[in-house]
Amino acid sequence: MLSINNFRLKTDDAELLEVSNLEIKSSEKHLVLGNNNTGKSLFLKSIHGLNSNFDGEILIKEKPPIFYKRKKKTILIETSPHLLWEEDVWKNIILPLPKVTSRQKQKIMELCKTAELFNDLKTKPGKLSYSSQKFIELIRAVIQLPYLILLDDLDCYFDEINLSKALEICDFALNAGTSILATSKIGLEKFENIYRIQSKVLKKL
Amino acid sequence: MKKGIFFQVIVITIFLIFWNSLHFGKHLHIRIFEQKKVQIYQKLSPIPIIIFSYELDSLYSIKTKLNSFLWVDSLQIEEQTEISKRLIAEYQLSESSEILSRYTLPNVMKIYLRGEFFHKSVREEVWRIIKENNEAAEINYDNEFWEKIQIEADNVQPNINLINFAYLIANGVMIVFLIFFVIFMRIHFETKRNQFWKIFQISGGKKNSRAKMFFLNSFVLSIIPTGLNFGIYFAAIYFDYLKIQIDDKLFIIELGTLMFAYLLTSLFLIRRFK
């Protein structure tokens, strides 16, 4: 699914992160641990195709991120919520879908129940908690079944209970072949593959 | 339908109604002046063109040729025998009828005109036909009065020309204004949707959706206002509320202007579509 080789992330002044090799297969969950300013977010942006200031090779299904410029196959969820505040929860979830099939509708309902959003479908997201807002973004990403979901600073979104709910939601996409790559400052359970950024190098734990 | 699109449909429809009223205004004014011109020309109707000729056959030939013209109201031929009889009867010349019969009187043809169609070019045509058939024919017509009528009618023409010119200018202004107005309005509403499309793309929506939606909306914003205007016009004509008919092509021009304006708008917004 995702193959990264000899990746060197640079800023204007210095080198920020080095990843000699990272392979993520379909339906796998990977977690990258790192402190602030270690280049976690920029690393995810590079995979998503928003940052091109790096050396090395990133391939998603054997094609570079630029290939997916017009038709994105990765979804990046950042710390700040990206929602339409004047629209309700339902509209925010179905926003990128050209049309909602009955199967998708049913699945969204199920996922909303898991996220305890079922009774808030008509509510505007501004009235909900931060983790509920992140649930909306997560369900919206999951229902599209992309190749890869990138979650930046996952530890900031959810507490322990909500995190297990979030991973339950992610299971729907994982079962369909989507892979997940998350970053966090602290270690989180339920991730099979965990990496840590140490001395500007990504190392598998 | 989104509020913004609905608002634009309403505004453009009103604009097009205003534009169409310009077409009607022009037609109404032209009609007033044309009627005035017709009234002037109608003064020519009671005065016939009288042709004297000794060749009766040529008069009949002229009659056949002129009969089909729109500006001919009626044609009368009076043969010389009828004229002598009438003169004898009118002036009680029965005693001198023998003397009169010794003289050969010419035949007479009277052409009564429908003045409203008897314009300059037509007059020349009549003279040409007469002379072609009978070079010796004598034409009797009140040319002085005809000249006077022509001058009077010509004095109305500058008013018509002025209306036509003003109409042309007004249409030009209308087209330019509509293009600028539509471009401004579309850019304004598209800018308001920037945040929506940003979130749409971040959430995983297709990148070309914005361009697709723009062109779909452009189609709606062209077809609905023009269609509404044409529908109102057609209904008004059908139910006899409107007596003046305008050229249907004007609606196509209006549609074309709107589409051209949207095409220009897309050039301004092309960076946002990428």
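Residues numbered from 1 in each chain as written. Chains lettered and ligands numbered in written order. Predicted model: local features only at pLDDT ≥ 70, side-chain atom pairs only at ≥ 80, totals over all residues. Heavy atoms only, no water.

## Some words on the overall build of chain B
Right, on to step 1. The helix and strand tally for chain B stands at 10 helices and 4 strands.
Right, on to step 2. The order of helices and strands in chain B, counted from the N terminus, is α-β-α-β-α-α-β-α-β-α-α-α-α-α.
Right, on to step 3. Against the globule reference of 19 Å for 274 residues, chain B gives a C-alpha radius of gyration of 33 Å, more extended than a compact globule.
Right, on to step 4. For chain B, buried positions account for 39% of its 274 residues.
Right, on to step 5. Sequence separation of at least 24 residues holds for 82% of the intrachain contacts in chain B that already meet a minimum separation of 6.
Right, on to step 6. Seen as two clouds, the 32 positive and the 26 negative side-chain charges of chain B have centres 28 Å apart. (Helix = DSSP H or I, 4+ residues; strand = E, 2+ residues; numbered from the N terminus. Rg over C-alpha atoms; globule rule 2.2 N^0.38 Å. Buried < 20%, exposed > 50% of the residue type's maximum accessible area, 1.4 Å probe, protein only. Contact = heavy atoms within 4.5 Å. Lys, Arg positive; Asp, Glu negative; His and termini not counted. Charge placed at Lys NZ, Arg CZ, Asp CG, Glu CD.)

## Brief notes about the state of the cysteines
Residues and elements named next belong to chain A.
Right, on to step 1. This structure, assessed with the given rule, holds 0 disulfides over all chains.
Right, on to step 2. Free cysteine: Cys156, not disulfide-bonded; nearest cysteine sulfur from Cys170 at 16 Å.
Right, on to step 3. We classify Cys156 as partly exposed; its relative accessible area is 34%.
Right, on to step 4. Among the cysteines around Cys170, which has no disulfide bond, Cys112 carries the closest sulfur, lying 14 Å off. (Disulfide = S-S within 2.5 Å.)

## Brief notes about the domain arrangement of chain B
Right, on to step 1. One can read the domain layout of chain B as domain 1 (3–36 + 157–273) and domain 2 (48–141).
Right, on to step 2. Once you take the C-alpha centre of each, domain 1 of chain B and domain 2 of chain B turn out to be 60 Å apart. (Domains from an automatic or database assignment.)

## Structural notes on helix H9 (residues 209–238) of chain B
Right, on to step 1. Its 30 residues give H9(B) an end-to-end C-alpha distance of 42 Å, which sits within 8% of 44 Å, the value for a rise of 1.5 Å per residue.
Right, on to step 2. Directly beyond the C-terminal end of H9(B), a positive phi value near 65 degrees is found at B:Asp240. (Expected span 1.5 Å × (residues − 1).)

## What to know about the interface of chain B and chain A
Right, on to step 1. Opposite the 10 residues of chain B that make contact, chain A presents 12 residues.
Right, on to step 2. Across the chain B to chain A interface the summed buried area is about 1,200 Å²; carbon plus sulfur atoms make up 62%.
Right, on to step 3. Contact with chain A buries area across many residues of chain B, yet B:Ile199, B:Ile202 and B:Ser203 alone supply 44% of it, more than any other trio.
Right, on to step 4. In this assembly, chain B and chain A are joined by 0 salt bridges.
Right, on to step 5. The interface formed by chain B and chain A contains 1 residue pair in polar contact (both at pLDDT 80 or more).
Right, on to step 6. Residue composition of the side of chain B that touches chain A, by class: 4 nonpolar, 3 polar and 3 charged. (Buried area = accessible area lost by both parts, 1.4 Å probe. Salt bridge = Lys/Arg side-chain N within 4 Å of Asp/Glu carboxyl O. Polar contact = N/O pair within 3.5 Å; in protein donor to acceptor, adjacent residues only side chain to side chain. Nonpolar A, V, L, I, M, F, W, Y, C, P; charged D, E, K, R; others polar.)

## What about the nonpolar core?
Right, on to step 1. With 41 residues, the main nonpolar core has A:Ile108, A:Ile139 and A:Leu154 as its most contacted residues.
Right, on to step 2. Considering every element that reaches this core, the biggest residue donor is helix H6 (residues 160–175) of chain A, with 7 residues.
Right, on to step 3. Those residues within four positions of A:Ile108 in sequence are excluded, and the remaining contacts are A:Trp90, A:Ile93, A:Ile94, A:Leu97, A:Val100, A:Ile139 and A:Ile143.
Right, on to step 4. Core analysis: the second largest hydrophobic core is formed by 31 residues, B:Trp71, B:Trp127, B:Ile129 and B:Val156 among them. (Core = buried A, V, L, I, M, F, W, Y, C linked by side-chain atoms within 4.5 Å.)

## A short note on the packing of aromatic side chains
Right, on to step 1. Taken as a whole and judged by the stated rule, the model has 22 aromatic pairs over all chains.
Right, on to step 2. Where B:Phe230 meets B:Phe234, the ring centres are 6.2 Å apart and the plane angle is 25 degrees; that geometry is what we call stacked. Taken together, the residues span about one helical turn, with B:Phe230 and B:Phe234 both in helix H9 at a distance of 4 residues.
Right, on to step 3. When its relative accessible area of 51% is taken as the criterion, B:Phe234 is described as exposed.
Right, on to step 4. Arranged with centres 6.3 Å apart and planes meeting at 20 degrees, the rings of B:Phe234 and B:Tyr238 form a pair that is stacked. Taken together, the residues span about one helical turn, with B:Phe234 and B:Tyr238 both in helix H9 at a distance of 4 residues.
Right, on to step 5. Taken together through their ring pairs, the aromatic side chains of B:Phe24, B:Phe230, B:Tyr233, B:Phe234, B:Tyr238, B:Phe239 and B:Phe251 make up a single cluster.
Right, on to step 6. Over the ring of A:Phe118 we find A:Lys113; its NZ or CZ atom is 5.0 Å from the centre of that ring.
Right, on to step 7. B:Lys26 extends its terminal NZ or CZ atom over the ring of B:Tyr167, reaching a point 4.7 Å from the ring centre. (Phe/Tyr/Trp six-rings, centres within 6.5 Å; stacked < 30°, edge-to-face > 60°. Lys NZ or Arg CZ within 6 Å of the ring centre and 35° of its normal.)

## Concerning unusual backbone geometry
When glycine is set aside, most residues are seen to have a negative phi, and most peptide bonds are trans.
Residues and elements named next belong to chain A.
Right, on to step 1. Positive phi, close to 50 degrees, is recorded for Asn6, a residue that is not glycine.
Right, on to step 2. By the secondary structure assignment, Asn6 is in strand S1 (residues 2–10).
Right, on to step 3. Judged by relative accessible area, which is 55%, Asn6 ranks as exposed.
Right, on to step 4. Here the phi dihedral of Glu116 falls at roughly 60 degrees; this positive angle occurs in a residue that is not glycine.
Right, on to step 5. Inspection of the secondary structure assignment puts Glu116 in the loop between helix H3 (102–114) and helix H4 (130–142).
Right, on to step 6. Residue classification places Glu116 among the exposed residues on the basis of a relative accessible area of 56%.

## Looking at the confidence of the model for chain A
Right, on to step 1. For chain A, the average pLDDT comes to 89, and 100% of its residues sit at 70 or higher.
Right, on to step 2. The weakest mean pLDDT in chain A belongs to strand S9 (residues 201–204) of chain A at 86; the strongest belongs to helix H2 (residues 89–94) of chain A at 95. (pLDDT = per-residue confidence, 0-100.)

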